[in-house]
Amino acid sequence: MVQYINSNKEYHWGDWYFKDHVMDPEFNYKAHKKELSPYFEQRGFKVSMMFADYYSRLSGVQSDRYISMDVYYFFVLPSLNRFDFLNAYLDKNIYNELFPNVRQPATVIKNINGHFYHDGEEIGNSEAVKLIQDYGQDMIIKPTVETCNGDGVAQIEDLNTSSLEALLQEYSFNFIIQEKVKQHPDIQRVNPTSLNSMRLFSYRKRDGSYQFLYPYSFLRFGNKGAIKDNVSKGGGMCRVGADGLVDDKVYRFKDLNISSLKAETGVENLIIPNFEGVVKTVLKMHKRLPYFDLVGWDLTVLPDGEPLFIEFNLQPSIEAPQMLAGPMFENYLDEVIDQACKVKCSRLQSYFKVFEKDMRFYLHMQ
C-alpha cells in the first residue's frame, strides 16, 4: 500500500472543505474524484483530480498541478510561514507600527485589550466617545484580532452619546474606528457602496528574492448595497492583469457560472490607477515581514492615485486565485512543493490550530 505524505484524514478533510466552501453544489465531483494527480503523486502527495476538474472549468487552464486544500493548508502554508509567530502579527491595531510609511485609512481611535488609544496615547471611554463625535465623518468600526471575511465590519450611523457608548460596549475588546475610505472613482464605479479592494500576493523565494505573483491578482466588490467586498459571501471578483486591466469575467464562490462585469455594473475596460505603484508598495511591505514567505495583501487606490493599504493575510486562501488563473505559484510551484514535502503535520503548525472548528465539525460528520 502506498504511503503518502498527507494522511487519509487530511486528504478527506481537504475534500470536505473544498465541497463546503468552494464547490458549486451542482458540480459532479465524483467523475474524477478517484483519479490522482500525477504531479503530486510523484512528489509523495495524494491529490484528487477533482480539484483540477473543477478549477480548470473556471480558469480554462488544464493542469494536474492544482493544489488541494489539505496539501496547501497543512503542508504548503506551514513550510512558508511561521504559524507559531502568527498571533504577534494578527492585530490590525499595529499596522501603523509595522508599515509607518504606507498610506492607510485615517484612524479615529483604537481599542487594544480593552484600553482606548488616540495618537499613541491611552484615553478614557468618555474621551473616546467625544473624539468619535468630533470627527463627525463617515466612519467604520471593525474588530482587529482573529477576524476574516469582513466579519464585524460596520458603518457608524448614530453619533448619539448613549448609542456610541452601547456600540463601544458591544465591541468591547480589540477593535478600531477609522474614516470610511474614499476610493478612486474608477474603482468605486464597480460598486459605489462597498470598499472595492484588490487581493494581491507576494512570495519570497528560497534565494531571498521577492516576487509579485502577477497572474493571481483580482479585484473584489460587494453585492449591491453592501459595504464589504466579501467574495465568500456572494461578492464578485475579477482578475487583474499585469498592466492593471480588470478582466470582464466575474467569478463567485460555489458557482460555475461566469458573468460579465459590464453586464452587472456597466463598467468596461477598467484599468486600476497606478497599478505599478500598488505592486511596488506590496513588495516594500513584504520586506518588513521576515517570518512569512507568502502574504496576501488587500489594497485599494485613493482618489489622488496613491495606493492605500487595508490589511494583510498570513494564511491567504488560494481557492480564488486558482479559479481565476490556474495552479497557484505557477513557475515557483516546484520549489514550493519540494519545501512542503519536509513539513511534519503537527498541532502547532496546521489544522488543529487554524481550522479547529472546521475539524471538529468534519470529524463529527464521519
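Thresholds applied
- Residues numbered from 1 in each chain as written.
- Predicted model: local features only at pLDDT ≥ 70, side-chain atom pairs only at ≥ 80, totals over all residues.
- Heavy atoms only, no water.
- Helix = DSSP H or I, 4+ residues; strand = E, 2+ residues; numbered from the N terminus.
- Rg over C-alpha atoms; globule rule 2.2 N^0.38 Å.
- Buried < 20%, exposed > 50% of the residue type's maximum accessible area, 1.4 Å probe, protein only.
- Contact = heavy atoms within 4.5 Å.
- Areas by Shrake-Rupley, 256 points an atom, 1.4 Å probe, with all protein chains shown as cover.
- Lys, Arg positive; Asp, Glu negative; His and termini not counted.
- Charge placed at Lys NZ, Arg CZ, Asp CG, Glu CD.
- Pairing = 2+ DSSP bridges.
- Axes fitted to C-alpha atoms, helices over the stretch in contact; angles between N-to-C directions.
- Parallel < 35°, antiparallel > 145°, perpendicular 65-115°, else oblique.
- Nonpolar A, V, L, I, M, F, W, Y, C, P; charged D, E, K, R; others polar.
- Polar contact = N/O pair within 3.5 Å; in protein donor to acceptor, adjacent residues only side chain to side chain.
- Salt bridge = Lys/Arg side-chain N within 4 Å of Asp/Glu carboxyl O.

Draft legend 1. Structural context of the overall build of the chain. Secondary structure assignment for the chain yields 14 helices and 14 strands. Taken over C-alpha atoms, the radius of gyration comes to 21 Å for the chain, in line with the 21 Å a tight globule of 366 residues would show. Considered along the principal axes of its C-alpha atoms, the chain spans approximately 70 × 45 × 40 Å. Counting every position in the chain, which comprises 366 residues, the buried fraction comes to 50%. Long-range contacts, defined as pairs at least 24 residues apart, comprise 68% of the intrachain contacts of the chain with a sequence gap of at least 6. Summing over all exposed atoms, the chain offers an accessible surface of approximately 16900 Å²; the carbon and sulfur share of this is 48%. Side-chain charges in the chain split into 41 positive and 48 negative, and the spacing between the mean points of these groups amounts to 5 Å.

Draft legend 2. Spotlight on the sheet that holds strand S6 (residues 175-179). If you walk across this open sheet you meet the six strands as S3-S2-S1-S6-S4-S5, and the pairing is antiparallel. In this open sheet, the two edge strands, each paired with only one partner strand, are strand S3 (121-123) and strand S5 (154-156). Within the sheet, the average angular offset between the axes of one strand and its neighbour, ignoring direction, is 30°. For strand S4 (residues 139-143) and S6, the ladder comprises five bridges, and the chain directions are antiparallel. Considered in S6, the bridge of Lys142 is made with Ile176. Sitting on the sheet, helix H6 (residues 125-135) touches strand S1 (107-112), strand S2 (115-118), S3, S4 and S6, and the angle it makes with S1 is about 155°. In the packing of helix H7 (residues 161-171) onto the sheet, the strands contacted are S1, S2, S4, S5 and S6, and the crossing angle to S4 comes to about 25°.

Draft legend 3. Quick peek at the packing of helix H4 (residues 69-80) against helix H12 (residues 333-340). One can describe the packing of H4 onto H12 by two numbers: an axis separation of 8 Å at closest approach and a directional angle of 100°. Classified by the angle between their axes, H4 and H12 sit roughly perpendicular to one another. Across the interface between the two elements, Phe75, Val76 and Ser79 from H4 touch Val336, Ile337, Gln339 and Ala340 from H12. The residue inventory of the contact of H4 with H12, partitioned by class, reads five nonpolar, two polar and no charged.

Draft legend 4. Representation of the side chain of His184 in the model. By the secondary structure assignment, His184 is in the loop between S6 and helix H8 (185-188). On the basis of relative accessible area, His184 is assigned to the buried category, the value being 13%. A polar contact of 3.1 Å, which involves the side chain of His184, links it to the backbone nitrogen of Asp186. If we skip the residues at most four places from it in the chain, His184 touches Pro273, Val301, Leu302, Pro303 and Gly305.

Draft legend 5. Geometry of the pattern of salt bridges. This structure, assessed with the given rule, holds 16 salt bridges. The salt bridge partner of Glu179 is Lys182, with a shortest N-O separation of 3.0 Å. A salt bridge links Arg206 to Asp293; its shortest N-O distance comes to 2.8 Å. Of this pair, Arg206 sits in the loop between strand S7 (198-204) and strand S8 (210-212) while Asp293 is found in the loop between helix H10 (275-286) and strand S13 (294-301), placing the two residues 87 residues apart along the sequence. On the accessibility criterion, Arg206 (38% relative accessible area) is partly exposed. Through salt bridges that share partners, Arg43, Arg65 and Asp334 make up one connected network.

These figures capture arrangement, not role.
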